[in-house]
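An overview of the molecular structure
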Amino acid sequence: MHDIPALLRRLGIDPVGVNPGCYDGEFHTDSSLPPIVVHSPRDGAVLARVSHATKEDYERCVSAGLVAFERWKMCPAPQRGEVVRQIGDELRKAKEDLGALVTFEAGKVVTEGLGEVQEMIDMADFAVGLSRQLYGLVIQSERPRHRMIEQWHPIGTVGVISAFNFPVAVWSWNAFLAGICGDVVVWKPSERTPLTALAVCRIVDRVLERTGWRGVFNCAIGDRHTVGEPMVADHRVPLVSATGSTSMGRQIGPRIAARLGRSLLELGGNNAVIVMDDADLRLALTAVAFGAVGTAGQRCTTTRRLFLQKGIAADFTRRLVAAYGKIPVGDPAEPGTMCGPLIDRGAVETFRRTIDAIRHAGGDVLCGGRVIDRPGNYVEPTIVKAPLGFACSKEEVFAPILYVFDVASLDEAIHHQNDVPQGLSSAIFTNSVRASEQFLSAVGSDCGIANVNIGTSGAEIGGAFGGEKETGGGREAGSDVWKTYMRRQTNTINWGTDLPLAQGVKFSID
Ligand code: NAD
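Every residue gets a number counted from 1 within its own chain, in the order that chain's sequence is written. Residue-level local features of this predicted model are given only where pLDDT is at least 70; pairs of side-chain atoms are given and counted only at 80 or more, and the full residue set underlies all totals for whole chains, interfaces and linings. Only hydrogens and water are set aside when side-chain values are computed; all heavy atoms of the structure are taken into account.

**Section: the overall build of the chain**
Formally: In this description a helix means any DSSP run of H or I spanning at least four residues, a strand means any run of E spanning at least two, and both kinds are numbered starting from the N terminus. Within these notes, the globule rule equals 2.2 Å times the number of residues to the 0.38 power, and the radius of gyration is based on C-alpha atoms. Relative accessibility thresholds used throughout: buried, under 20% of the residue-type maximum; exposed, over 50%; partly exposed, between the two (1.4 Å probe, protein chains only). Note on definitions: a residue-residue contact is assigned when non-hydrogen atoms from the two residues lie within 4.5 Å. Accessible surface is estimated by sampling points in the Shrake-Rupley manner with a 1.4 Å probe; for residues, cover comes only from the protein chains shown.
Of the regular secondary structure elements, the chain holds 13 helices and 22 strands. Against the 2.2 N^0.38 benchmark of 24 Å for 510 residues, the chain shows a C-alpha radius of gyration of 25 Å, consistent with a compact globule. With the principal axes as the frame, the chain shows a C-alpha extent of 85 × 60 × 40 Å. Here the chain holds 510 residues, and 57% of them are scored as buried. Considering only contacts within the chain whose residues lie at least 6 apart along the sequence, 74% involve residues at least 24 apart. A total of about 21,000 Å² of accessible surface is found on the chain, and carbon and sulfur atoms cover 53% of it.

Here is the structure:
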């Protein structure tokens, strides 16, 4: 038996009363809107209640951030890194509990819940290292006794809008980089996962209180109306980093652009694996199964399409269907479960409707396809055999549905892999250098992520994460993406006694 009330209390959450929905250095409980009632996707039970943040709560967060920014931007970056390091340490201490809460609230299986917290810890480490490496360039000037440099300054307040399926890790991707860059953060978590957000605020507050930096990280747990849209329209928020559906990105992208703000969009994916005749099929089988079924198909990087070269297609499909039959589906809190529930009843309905549409359009459901009749939001992992170009397969549906296609050649596989509106993650399984290099080349995958002999899902901190086309073009969590969170300034310094102009232009008033 899991003692969920005790777990919640350890994380600073009241299992009985209404919890605060706003954190601006202090915790606020506003009672003007009905509270958000959090049901666990594993059995539908009520976990706790959180007050629904209002527009006034959003204002509190922005105001606290603006005040903190005046000091934070002048705090040396390595000292900002020290604050993030301490948050990472607190996360290490809370890993078991916070990971368990991810399981109960978001329905991720045990190792994925823990993995989400580990990703935050990894992100903290990465950001701490970067806090001593916010390098600019020294550029050669064409003028004598002149020097040009490029330096990076904080941009101000970063708004972070996050999705339910990575309820805490995505915040850390943004907040830790923004933080070491000298920015302050206002977080709008998904209203479907408010408890993990609140638990993170409790953890962060311990560090901000003792280091004197309350106001740097703020959070308003509301919906798009009370928090999301005010943030998107807010000139005081120069950068909005938003993770969620492509439809959300379509709504907010133009509005941020209209005020000439900056946006970092991490939107829907429709990821594919190509398996060539010469592939190591054992590797490919595990990678495809994990990619398609892990997180119950609710990752932006979930494998949704599988292109099998004709020589191995029939055998691989048979082995995959057999493997699906052995995947334990059920309570995500039970060790051994590999596929947990969908997030809510709405997601189950979407699954049901999609399966009907697939059958109607002529897709062949090889296994799965049914809603599981038990408390909670469980569906069967599903494999669909479909003809190339199958219309249903071009949309992202957040459920464990995998479309399988036969292809004759690598060219055909790449063509169809790229022939969808999204461009997040992709992978090829092959032992051929030629095939893998073609896949990674400019005539290969058009995705932000392209892997060889590993699956589409399970990115690690350090590489820039994100995708092209309708995935939004944003990059997070690695490489040089810290630059997105800063403003670049070019300085030309004249240490001579003349004032030569560039390009030989002459101007004299002597
Ligand atoms: P969603 O679009 O329903 O919601 C995401 C967030 O956006 C929530 O906080 C929501 O309240 C907010 N939001 C929605 N409309 C808004 C608006 N008009 N203005 C301001 N805020 C608004 O997405 P979801 O169902 O929570 O998450 C699943 C989606 O997220 C999938 O499409 C998945 O692929 C995508 N996702 C992408 C990445 C990535 O890195 N590319 C990562 C995780 C999830």
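**Let's talk about unusual backbone geometry**
With a phi angle near 55 degrees, threonine 295 is a residue other than glycine that sits in the positive phi range. Note that threonine 295 resides in the loop between helix H9 (281-293) and strand S14 (303-309). With relative accessibility at 8%, the residue threonine 295 sits in the buried group. Residues other than glycine seldom take positive phi values, yet lysine 469 does so here, at roughly 55 degrees. Within the secondary structure, lysine 469 sits in strand S21 (residues 468-469).

**Looking at the pairing of S14**
Where we set the bar: Here, strands pair whenever DSSP counts at least two bridges between them. The handedness of a crossover follows from its direction of travel: if, with the strands pointing away from the viewer, the path from the first strand over the helix to the second runs clockwise, the crossover is right-handed.
The buried fraction of S14 amounts to 7 of the 7 residues, a majority that puts the element mostly inside the structure. Across 5 bridges, strand S13 (residues 271-275) lies against S14 in parallel orientation. The partner of valine 273 across the bridge, within S14, is leucine 306. Note on the crossover from S13 through H9 to S14: the handedness is right-handed. Here S14 runs beside strand S17 (residues 401-407); their pairing, made up of 5 bridges, is parallel. From the neighbouring strand, glutamine 309 faces S17, where its bridge partner is valine 407.

**Some details on the site of the ligand**
What counts, and what does not: Being near a molecule or strand, for a residue, comes down to having at least one heavy atom within 4 Å of it. Here a polar contact means two N or O atoms within 3.5 Å. Within protein one must be a hydrogen donor candidate and the other an acceptor candidate, and residues neighboring in sequence count only if both atoms are side-chain atoms. Each residue is assigned to one class: nonpolar for Ala, Val, Leu, Ile, Met, Phe, Trp, Tyr, Cys and Pro, charged for Asp, Glu, Lys and Arg, and polar for all the others, Gly among them. Each domain's extent is set by a domain assignment, obtained either automatically or from a database.
Near the ligand, the surroundings consist of 28 residues, among which Glu191, Arg192, Ser245, Gln251 and Glu396 are the closest. The separation between an oxygen atom of the ligand and a polar side-chain atom of glutamate 191 is 2.8 Å. Within the side chain of glutamate 396, an N or O atom sits 2.6 Å from an oxygen atom of the ligand. For the ligand, whose accessible area on its own is 850 Å², the fraction buried by protein is 92%. Taken together, the elements giving at least two residues each to the shell around the ligand come down to helix H7 (224-232) and helix H8 (246-258). Classifying every residue of the shell around the ligand by side-chain character gives 11 nonpolar, 10 polar and 7 charged. The two domains that each donate at least three residues to the shell around the ligand are domain 1 (4-267 + 472-489) and domain 2 (271-461).

**Remarks on empty space enclosed by the protein**
Spelled out, the test is: Both site types are read off a 1 Å grid over the protein atoms alone. A 1.4 Å probe that fits but cannot get out defines a cavity, while an open set with protein on both sides within 12 Å along at least five of seven lines defines a pocket; lining residues have an atom within 4 Å of a point. Grid points are joined across faces, edges and corners, and a volume is the space filled by probe spheres set on the points.
Tallied over the full model, the rule gives 5 cavities of 30 Å³ or more. In this structure, the largest cavity encloses a volume near 70 Å³. Lining the largest cavity are Arg305, Phe307, Gly389, Phe390, Ser393, Lys394, Phe405, His416, Asp419 and Val420. Among the residues making up the lining of the largest cavity, the classes are represented as 4 nonpolar, 3 polar and 3 charged. Estimated volume of the second largest cavity: approximately 50 Å³. Lining the second largest cavity we find Asn270, Arg304, Glu395, Val397, Ala399, Ile401 and Tyr403.

**Looking at the sheet that holds strand S1 (residues 18-19)**
Stated formally: An axis is simply a line fitted to the C-alpha atoms; with a helix, the fit covers only the stretch in contact. Between two such axes, the angle follows the N-to-C directions and lies from 0 to 180 degrees.
Reading across the sheet, the 3 strands line up as S1-S5-S4 and stay open at both edges, with mixed pairing between neighbours. Edge strands, defined here as strands with exactly one partner in the open sheet, are S1 and strand S4 (36-39). Summarising the sheet, S1 and strand S5 (residues 46-50) pair through 2 bridges and their orientation is parallel. Counterpart to asparagine 19 in the pairing with S5 is valine 50. In this fold helix H6 (residues 194-211) packs onto S1, S4 and S5, with an angle of close to 60 degrees to the strand it touches most, S5.

**Some thoughts on the state of the cysteines**
Operational definition: Cysteine sulfur atoms are paired as a disulfide whenever they come within 2.5 Å of each other.
A complete count under the given rule lists 0 disulfides for this structure. With no disulfide of its own, cysteine 300 lies closest to cysteine 447 among cysteine sulfurs, the gap being 12 Å. By relative accessible area, which is 18% here, cysteine 300 ends up buried.

**Things to note about the pairing of S5**
By the bridge criterion, 4 bridges tie S4 to S5 in an arrangement that is antiparallel. Looking at S5, one finds that valine 37 is bridged to arginine 49. What sits between the antiparallel neighbours S4 and S5 is a turn of 6 residues, in which glycine 44 has the positive phi angle 80 degrees.

**Digging into the sheet that holds S17**
The strand order across the open sheet built from 7 strands is S15-S16-S17-S14-S13-S19-S20, with neighbouring strands paired in mixed fashion. Two strands lie at the open edges of the sheet, namely strand S15 (364-367) and strand S20 (449-452), each paired on one side alone. The mean angle between the axes of side-by-side strands here comes to 25 degrees, regardless of whether they run parallel or antiparallel.

**As for the domain arrangement of the chain**
To keep it simple, the criterion reads: Buried area is a sum: the accessible area each of two parts loses on coming together, probed at 1.4 Å, counted once for each and added. Salt-bridge detection follows one rule: a side-chain nitrogen of Lys or Arg within 4 Å of a carboxyl oxygen of Asp or Glu.
The domains assigned to the chain are domain 1 (4-267 + 472-489) and domain 2 (271-461). In this structure, domain 1 and domain 2 have C-alpha centres spaced 30 Å apart. Listed by partner, the interface residues are 25 residues for domain 1 and 24 residues for domain 2. Summed over the three residues of domain 1 that lose the most area to domain 2, namely Pro41, Arg42 and Glu112, the buried surface amounts to 28% of that side. At the junction of domain 1 with domain 2, the criterion picks out 3 salt bridges. As a salt-bridge pair, aspartate 331 and arginine 42 come within 2.9 Å of each other at their nearest N and O atoms. Where domain 1 touches domain 2, the interface holds 8 residue pairs in polar contact (both at pLDDT 80 or more). The set of elements that each furnish at least two residues to the side of domain 1 that touches domain 2 consists of helix H3 (77-106) and helix H4 (110-130). When the residues that make up the side of domain 1 that touches domain 2 are grouped by side-chain class, the tally is 12 nonpolar, 4 polar and 9 charged.

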